[in-house]
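A look at the structure
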Amino acid sequence: DAKHLYTIVVLGASGDLAKKKTFPALFGLFKNRYLSRNTRIIGYARTKMDQTSFEGHVSKFIKVKNEEDKAALSRFLSVCSYQSGQYDHDGDFQELEKHIERVEKISGAKERLFYMALPPSVFIPVAACLKKNNYRQDVVTRLIVEKPFGMDLDSSRKLAKELGALFKEEEIYRIDHYLGKEMVKNLMILRFANVIFGSVWNRHSIDNIQITFKEKIGTQGRGGYFDEFGIIRDVMQNHLLQILTLVAMEPPVTLSSEDVRDEKVKVLRFIPPIAKEDILLGQYTKSEDGKEPGYLDDSTVPRGSKTPTYAAATLFIHNERWAGVPFVLKCGKALDQQKTEIRIQFKDVPGSIFTNLSRNEIVIRVQPGEALYVKMMNKEPGLGMKTIISDLDLSYSSRFNSSVIPEAYESLILDALNGDQSNFVRDDELDAAWKIFTPILKTIDEGEIDPIPYALGSRGPEGVSEFVAKYGYTREQQQYVWPQHSE
Ligand code: BG6
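Let us look at the structure shown here. Note that this is a predicted model, so its numbers are computed, not measured.

Counting secondary structure elements, the protein chain contains 14 helices and 15 strands. Taken over C-alpha atoms, the radius of gyration comes to 24 Å for the protein chain, in line with the 23 Å a tight globule of 487 residues would show. Taking the principal axes of the C-alpha coordinates as reference, the protein chain spans close to 80 × 50 × 45 Å. In the protein chain, which comprises 487 residues, the proportion classed as buried is 55%. Once local pairs closer than 6 in sequence are excluded, the contacts in the protein chain between residues at least 24 apart make up 78%. Surface exposure of the protein chain reaches about 22,400 Å², of which carbon and sulfur atoms provide 51%. Side chains of the protein chain give 65 positive and 67 negative charges; the mean places of these two sets differ by 2 Å.

What follows is the structure, given as structure tokens:
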């Protein structure tokens, strides 16, 4: 059962993120008894709402499959309450404090988790009000914060400084929800608990690494918001770079959060800023049939915007393990399919006695349909000595079919409740990440790189295959289709 007894306060409770991710994740934890029955959850936002409309808002995205879920939901809602208030009024936060003390009297909770699902503009004012009105020396306090963590190195440092003046680093949990995904969490075990992978995980055996994020949906009315950021800040600088870090880092001394994050920072510091020639940008236009609008057709997007909705970038890690190995990160919205995967392509067999060989690949399918498969050459069964590509396939749906894979947010909120920061982004890690991306983002923001148009629903901008080939990725020589392929 739950180890800690918390009061959880969700700030920005009336917003989209809270509705779609935070409350469903809290419900998942509650239902599976990872939250103590006595936990109390308080929503706080500007919108005025009574208990009934708050309950409607909270349960909107919670899936109820059976009677048991229904009963759990009703118990969950009975521990949730709401209070409206401004984001910069001490008086409102003092009211919140009374509210917290009231529920703590009943629950006996001694720990507080503040979940900040807030727009960046009110982030610091809220943190300041919390510190002033809702912070107790004798109460364990933790703060989960959501991106954007600034727009570039300078703004990120400013934010870190302001937040750092209010809360200690060990109280701050910067969330990157990709770190809560099952297959991302699996990377350390794959690498450091298997001799067969560990010993080939370097430039001597690996030719190139591709990390790909594809999404079918476009910006869908969020264009105005997205336009300030673009796909690099939205997905690449955080989610894909985090995956890269876990793929590339050296083994940590122990699994403690500081040891893990020390290694992550170290590998990031070996990556020089991305060069202009190592980037390709795209922006989606109408679908081929003209039915779905393009990015610039969104009335909230500034006319003529050059903000990328697709980006491919190649990063290099100048250390002994990885020198010369390209890490190609690709991400885009409004594409032909949804998937996130890591593809590790090995070198050609040196001096091969066979012809028509394809390279070995380890493919880690993050989503959808968690899987790991290793592409390998095999003898085609039967007479003769023909080679054929086959695979060692660990598809979770068949191998672990009775396991429930938790939502990323469930996994991370539970870590925060347990005080485990290993899957959260440390301040110096964020700094190192921004150093890699800030110069190229500046060039892009100044409009110096024209995005290549691609139709909504297509495979992406023209030139991506050449871009990837330039960094050594080769397509298989023989026809190969992964049997589980869900396309
Ligand atoms: C978010 C981005 O961080 O991640 C979104 O802001 C993106 O633009 C989302 O759609 C993707 O997350 P997931 O878990 O659906 O792959």
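Read on for the rest.
Strand order in the open sheet made by the nine strands is β14-β13-β12-β11-β7-β10-β9-β8-β15, with mixed pairing throughout. Among the strands making up the open sheet, the edge pair consists of β14 (387-395) and β15 (452-456). Each strand axis lies, on average, 20° off the axis of its neighbour in the sheet, ignoring direction. As defined by bridge partners, strand β12 (residues 361-367) adjoins strand β13 (residues 371-379) across five bridges and the pair is classed as antiparallel. Counterpart to Val363 in the pairing with β13 is Tyr373. Contacts between helix α7 (residues 182-192) and the sheet are confined to β11 (339-346), β12 and β13, with β12 contributing the most and set at about 145° to the helix. This element, helix α9 (residues 223-248), spans β7 (206-214), β8 (279-287), β9 (310-315), β10 (327-332) and β11 of the sheet and lies at about 145° to β10.

Moving on to a nonpolar patch on the surface. A grouping of Ile353, Phe354 and Met385 is seen on the molecular surface, where their side chains present a nonpolar patch of about 370 Å² in accessible area. Following the sequence through the fold, Met385 ends up in the loop between β13 and β14.

Next up on the list: the environment of Asn356. Assignment of secondary structure puts Asn356 in the loop between β11 and β12. The class of Asn356 is partly exposed, set by a relative accessible area of 40%. For the pair Asn356 and Ser402, spaced 46 residues apart in sequence, the C-alpha separation works out to 40 Å. Excluding residues that lie within four positions of it along the chain, Asn356 makes contacts with Met377, Thr387, Gln477 and Gln478.

Another aspect to go through is the environment of Tyr87. You can see Tyr87 is positioned in the loop between β3 (80-84) and α4 (90-107). For the pair formed by Tyr87 and Ala127, sequence separation is 40 residues and the distance between their alpha carbons is 9.3 Å. With residues near it in sequence (within four places) discarded, Tyr87 still touches Gly12, Tyr44, Ala45, Arg46, Phe93, Leu118, Val122, Pro125, Val126 and Cys129.

When we look at a pair of aromatic rings, we describe it by the centre distance and by the angle of the planes. Going through the model one piece at a time under the given rule, you end up with 20 aromatic pairs. Seen from their ring centres, Phe23 and Phe54 are 5.8 Å apart, and the 85° between their planes marks the pair as edge-to-face. Highlighted residues: Phe23 in helix α1 (residues 16-31) and Phe54 in helix α2 (residues 51-59), separated in sequence by 31 residues. Residue Phe23 shares its accessibility class with Phe54, and that shared class is buried. Note on Phe316 and Tyr471: the rings are 6.4 Å apart at their centroids and 55° apart in plane angle, and the pair reads as tilted. Of this pair, Phe316 sits in the loop between β9 and β10 while Tyr471 is found in the segment after α14 (464-470), placing the two residues 155 residues apart along the sequence.

What follows deals with unusual backbone geometry. A negative phi angle is the norm for most residues apart from glycine, just as the trans form is the norm for most peptide bonds. The amide bond that connects Lys147 to the next residue, Pro148, takes the cis arrangement and shows omega of 5°. Here Pro148 shows up in the loop between β5 (140-145) and α6 (153-166). In the segment running from Gln367 into Pro368, the intervening peptide bond is cis, with an omega of -15°. As for its position among the elements, Pro368 is in the loop between β12 and β13. In this structure, Arg33 takes a positive phi of about 65° despite not being glycine. With respect to the helices and strands, the residue Arg33 is situated in the loop between α1 and β2 (40-45). Assessed through its relative accessible area of 49%, Arg33 is described here as partly exposed. In the Ramachandran plot, Ala334 falls in the positive-phi region, its phi being about 60° despite a non-glycine side chain.

Another aspect to go through is the layout of surface pockets. If you add up the space inside the second largest pocket, you get close to 740 Å³. If you go around the second largest pocket, you meet 34 residues; those closest to its centre are Lys214, Lys339, Arg459, Tyr473 and Arg475. Across the lining of the second largest pocket, the residue classes tally to 13 nonpolar, eight polar and 13 charged.

Take α1 next. Look at α1: 22 Å from first C-alpha to last across 16 residues, which is about the 22 Å you get at 1.5 Å a residue. Of all the bends found along α1, the most pronounced is centred on Thr22 and spans about 30°, while Pro24, a proline, follows it within four residues. By the burial criterion, the buried members of α1 are Ala18, Lys19, Thr22, Phe23, Pro24, Ala25, Leu26, Phe27, Gly28, Leu29 and Phe30. Contacts from the buried residues of α1 go to β1 (6-11), β2, α2, α3 (67-78), β4 (111-116) and α12 (408-417).

Turning to the site of the ligand, a few remarks are in order. Surveying the vicinity of the ligand reveals the residues Lys147, His177, Tyr178, Lys181, Phe213, Glu215, Arg222, Asp234, His239, Lys333 and Gln367. Lys147 places a polar side-chain atom, nitrogen or oxygen, 2.5 Å from an oxygen atom of the ligand. For the ligand, an oxygen atom lies 2.7 Å from a polar atom in the side chain of Gln367. For the ligand, the accessible surface in isolation is 390 Å², of which the surrounding protein chains cover 78%. Grouping the amino acids of the shell around the ligand by side-chain chemistry returns two nonpolar, three polar and six charged.

At Phe437, helix α13 (residues 427-445) shows its maximal bend, which comes to roughly 40°, and the proline Pro439 appears one to four places after that position. Residue Gly447 follows α13 closely and has a positive phi angle near 75°.

Remark: α1 packs on α3, axes separated minimally by 10 Å, with the N-to-C direction vectors making an angle of 110°. As summarised for this structure, α1 and α3 are arranged roughly perpendicular, according to the angle between their axes. Once α1 is placed against α3, the crossing between them reads as right-handed. Here Phe23, Leu26, Phe27, Phe30 and Lys31 of α1 come into contact with α3, specifically with Asp69, Ala72, Leu73, Arg75 and Phe76. For the contact of α1 with α3, the residue count by class is seven nonpolar, no polar and three charged.

Thresholds applied
Here the residue numbering is sequential within each chain, running from 1 through the sequence in written order. In view of the model being predicted, local features appear only for residues whose pLDDT reaches at least 70, and side-chain atom pairs are presented and counted only at 80 or more, with totals across whole chains, interfaces and linings using the full set of residues. Here the side-chain values reflect all heavy atoms present in the structure, with hydrogen atoms and water set aside. Put simply, DSSP marks the helices as runs of H or I at least four residues long and the strands as runs of E at least two long, and each gets a number from the N terminus on. Here the globule rule reads 2.2 Å times residues to the power 0.38, and the radius of gyration is calculated from C-alpha atoms. Per-residue accessibility, obtained with a 1.4 Å probe over protein chains only, is compared with the maximum for each type, and a residue is labelled buried under 20%, exposed over 50%, and partly exposed between these values. In what follows, residue pairs with any heavy atoms lying within 4.5 Å of each other are defined as contacts. Accessible surface area values rest on a Shrake-Rupley calculation with a 1.4 Å probe, where residue burial reflects the displayed protein chains alone. Charge counting treats Lys and Arg as positive and Asp and Glu as negative, with His and both chain ends excluded. A charge is said to be at NZ when it belongs to Lys, at CZ for Arg, at CG for Asp and at CD for Glu. Strand pairing is defined by DSSP finding a minimum of two bridges between the two strands. Structural elements are reduced to axes, namely lines fitted to C-alpha atoms, with helices fitted over the stretch in contact, and the angle between N-to-C directions of any two is expressed from 0 to 180 degrees. A patch is a set of surface residues, each over 30% in relative accessible area and not in a salt bridge, joined within 9 Å for like charges and within 5 Å for the nonpolar side chains Val, Leu, Ile, Met, Phe, Trp and Tyr. Each reported salt bridge corresponds to a side-chain nitrogen of Lys or Arg within 4 Å of a carboxyl oxygen of Asp or Glu. Centres within 6.5 Å make a pair out of two Phe, Tyr or Trp rings, where for Trp the six-membered ring is used; the pair is then stacked when the planes are under 30 degrees apart, edge-to-face when over 60, and tilted otherwise. Throughout, the protein atoms alone are placed on a 1 Å grid, and a set of points is a cavity if a 1.4 Å probe fits but cannot get out or a pocket if it is open with protein on both sides within 12 Å along at least five of seven lines; lining residues have an atom within 4 Å of a point. Grid points are joined across faces, edges and corners, and a volume is the space filled by probe spheres set on the points. Each residue is assigned to one class: nonpolar for Ala, Val, Leu, Ile, Met, Phe, Trp, Tyr, Cys and Pro, charged for Asp, Glu, Lys and Arg, and polar for all the others, Gly among them. A helix's residues, less one, multiplied by 1.5 Å, set its expected span. A residue's bend is given by the angle between axes fitted to the 7 residues ending at it and the 7 residues starting at it. Throughout this document, a residue counts as near a molecule or strand when at least one of its heavy atoms sits within 4 Å of that molecule or strand. Residues adjacent in sequence count toward polar contacts only when both atoms are side-chain atoms; beyond that, a polar contact is any pair of N or O atoms within 3.5 Å, and within protein one must be able to donate a hydrogen and the other to accept it. Oblique is the label for every angle not falling under 35 degrees (roughly parallel), over 145 degrees (roughly antiparallel), or within 65 to 115 degrees (roughly perpendicular). Here is the rule for handedness: rotate from the far helix to the near one, and if that takes an anticlockwise turn smaller than a right angle the crossing is left-handed, while a clockwise turn gives right-handed.

Function-wise, these values are silent; they only describe arrangement.
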